[in-house]
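# Examining the three-dimensional arrangement
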Amino acid sequence: MRIPPKASQAIAVALLGGATLLTLAVLVFVIVFVLGKGLPVINWAFLLDVPREMGKAGGIFPTIVGTLVLPLVAIAIALPMGVGTAVYLTEYTRPGRVTSVIRFGTDCLAGIPSIIFGLFGYIFFVTILRMGWCILSGALTLAIMVLPTIIRTAEEAIKAVPNSYREVSYSLGATRWETVLKAVLPNALPGIVTGVMLSVGRCIGETAAVIFTAGTALRLPDSLFDSARTMAVHFYILAREGISNENAYGTAAVLVISVLIVNSVSYWMMHKFISGRSA
Amino acid sequence: MKPVGERVVEWTLKGLAFSALASLLLIAVFIFMEGAPFMVRLGVKDFLFSSDWRPQEGHYGIFAMIVASVWVTLGAMLVGAPLGIAGAVFLNEFAPESVRRVIKPMIELLAGIPSVVYGFIGVMVVAPLIREHLGGAGLSVLAAALILGVMILPTVISISSDAIGSVPRSYREGALALGATRWQSVHMVVLKAARSGIAASVILGMGRAVGETMAVIMVAGNAVTIPHSPLDSVCTLTAKIALEMGSAVGLHRQALFATGVVLFIGIMVLNGLAMAAMKKRSART
């Protein structure tokens, strides 16, 4: 039996729309579930107190500090490398063998799962370089993990800077580096910041790459050579070892809210940036 | 003759430009250096095709973990690929602009939710549902496949959406001009033209599913056995590494790195396939 085209279209649209709705429903459920269970746990004491009894009681303050510091250091390391790469690829070379090799490396790096980064960070930074479990080991590992994101967004942002900006700069007698520094990068800044925000979001939610490199110490870290625990790791340990479901929910809620804020800002910036260009 | 400063800058940038490639090589070298010699000493065949994993007695066989990873990944694809492709088609071809503008950012946000959170939802919500309605322990291949299927949705949707969006408008107009309905033009013309990009999105999703660790540890149950049904508990390659890494020393640790080597090779093969599919697409357009 042949279904008339009009009817098959109606069926198809209903199914496709249904699938999209289902996806959205899952998203809404995840967020509502976590916030619904977690928000009642959150208060100032929970945010600003130190954990007691391995996190069974008390707050999560040191893990908030860990979650702030680790991505910050990671970005401080990855940003010069990533933007440098992007500037080199766009302003200093033409597409050719070198650029395609670099791009291949970046693409491959982007596909590596975080547990592999964790293994690498553990063997290289923690063990071979004898840095031990510390913020710096974790941040270096995360920096490598987010490098592809930073390279790609910076590249897009730099490519979107109109050529006339460069020409004006050259015509004023500027050198290539002066042009990059004063004409190209300032105009590419919103795009670069978007990449940074996306990377921060990824670092905040990361567990596998962090737990084997930055460790799980619950103490407030004194320096970059101290171990620290991020919220994601803390949440994982609370949930997995069944220490406290209540505090796990609370931590999850703070974690999800932070990630949502960071990602919304980067999404909003990306779109503002794109529409600003096309206008 | 360029000034010295300019040349220093250029060389510095050139050095930085190789940072990603150098990192990739460094990762490969150190994972292989820790894991590959062990694999060779034990015998690649014994390592890959034995299901006997008892580190205390010197038995290191990862076959059950390989099977578990394959099952969980394929299950996740059964959930994530149809849903994701359907979502991408709907958003690109049928949803009004206003709907798309709301839904797309929401789906991007789905990508930002940390994997531990998905894992926890799997434990608290999905596993109990499976236990009550289908039987078994709840923590199972099925639970892992459902959670991972959702986790790969943003990857599948955003990449296949790009692929569908880059199909030239004239293709659609041609089909419509021949009297095709909207849906006929979509499934006969647009999807055919976008198929390599869609394939790439599915393969990249697979890569994510294979590599996902924390969520799987929490929901798959972590029993080192070859599963006989979707309700059986399994331990994937990634889960085994993460579970035992903290306490492993000596040969045991090398065995985990060897497991990492297998995982690394698997992921690289998947990424290579996805890149090839993407290249095919950009060559055409």
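As the structure is a prediction and not an experimental result, all values here were calculated from the model.

### Details of the overall build of chain B
- Within chain B, the secondary structure is distributed over 14 helices and 2 strands.
- Oriented by its inertia axes, the alpha-carbon framework of chain B measures out at about 75 × 70 × 30 Å.
- Across the 285 residues that make up chain B, the buried fraction comes to 55%.
- Of the contacts made within chain B by residues no fewer than 6 positions apart, 72% connect residues no fewer than 24 positions apart.
- Carbon and sulfur atoms make up 67% of the accessible area of chain B, which totals about 11900 Å².
- Of the side chains in chain B, 22 bear a positive and 15 a negative charge, and the two mean positions are spaced by 9 Å.

### Concerning the overall build of chain A
- Within chain A, the secondary structure is distributed over 11 helices and 2 strands.
- Seen in sequence order, chain A has helices and strands lined up from the N terminus as α-α-β-β-α-α-α-α-α-α-α-α-α.
- Relative to all contacts within chain A whose residues are 6 or more apart in sequence, the contacts with residues 24 or more apart total 73%.
- Carbon and sulfur atoms make up 67% of the accessible area of chain A, which totals about 12200 Å².
- In chain A, which carries 20 positive and 13 negative side-chain charges, the distance between the mean positions of the two groups comes to 9 Å.

### Focus on the domain arrangement of chain B
Residues and elements named next belong to chain B.
- If you check the domain split of chain B, you get domain 1 (4-48) and domain 2 (62-284).
- Between the C-alpha centres of domain 1 and domain 2 there is a distance of 27 Å.
- Counting residues at the interface gives 13 residues for domain 1 and 16 residues for domain 2.
- Where domain 1 abuts domain 2, roughly 1200 Å² becomes buried across the two surfaces, and 78% of that area is made up of carbon and sulfur atoms.
- Across the domain 1-domain 2 interface, the total number found is 1 salt bridge.
- One salt bridge connects Glu34 with Arg253, and the closest N-O pair in it is separated by 3.8 Å.

### Looking at the packing of aromatic side chains
- Within the structure shown, the criterion is met by 16 aromatic pairs over all chains.
- When the centroid spacing of 5.1 Å and the interplanar angle of 70° are considered together, the rings of Phe124 of chain A and Phe125 of chain A count as edge-to-face.
- Overall, Phe125 of chain A belongs to the buried group, its relative accessible area being 7%.
- On the basis of an interplanar angle of 85° and a centroid distance of 5.0 Å, the ring pair of Phe235 of chain A and Phe120 of chain B is categorised as edge-to-face. Highlighted residues: Phe235 of chain A in helix 10 (residues 231-240) and Phe120 of chain B in helix 6 (residues 115-133), drawn from two different chains.
- Site record: aromatic cluster; members linked through ring pairs are Phe29, Phe33, Phe235 and Tyr249 of chain A together with Phe120 of chain B.
- Note that Arg176 of chain A overlies the ring of Tyr92 of chain A, its terminal NZ or CZ placed 5.1 Å from the centroid.

### Notes on the nonpolar core
- If you look at the biggest cluster of nonpolar residues, it comprises 167 residues, and the most contacted ones within it are Leu109 and Phe235 of chain A together with Ile27 and Phe47 of chain B.
- Sorting elements by how many residues they give to this core places helix 4 (residues 63-94) of chain B first, with 13 residues.
- The two domains that each donate at least three residues to this core are domain 1 (4-48) and domain 2 (62-284) of chain B.
- For Ile27 of chain B, the contacting residues outside a window of four places in its chain are Leu109, Ile116, Phe117, Phe120 and Ile144 of chain A together with Phe264 of chain B.

Calculation rules
Residues numbered from 1 in each chain as written. Chains lettered and ligands numbered in written order. Predicted model: local features only at pLDDT ≥ 70, side-chain atom pairs only at ≥ 80, totals over all residues. Heavy atoms only, no water. Helix = DSSP H or I, 4+ residues; strand = E, 2+ residues; numbered from the N terminus. Buried < 20%, exposed > 50% of the residue type's maximum accessible area, 1.4 Å probe, protein only. Contact = heavy atoms within 4.5 Å. Areas by Shrake-Rupley, 256 points an atom, 1.4 Å probe, with all protein chains shown as cover. Lys, Arg positive; Asp, Glu negative; His and termini not counted. Charge placed at Lys NZ, Arg CZ, Asp CG, Glu CD. Domains from an automatic or database assignment. Buried area = accessible area lost by both parts, 1.4 Å probe. Salt bridge = Lys/Arg side-chain N within 4 Å of Asp/Glu carboxyl O. Phe/Tyr/Trp six-rings, centres within 6.5 Å; stacked < 30°, edge-to-face > 60°. Lys NZ or Arg CZ within 6 Å of the ring centre and 35° of its normal. Core = buried A, V, L, I, M, F, W, Y, C linked by side-chain atoms within 4.5 Å.

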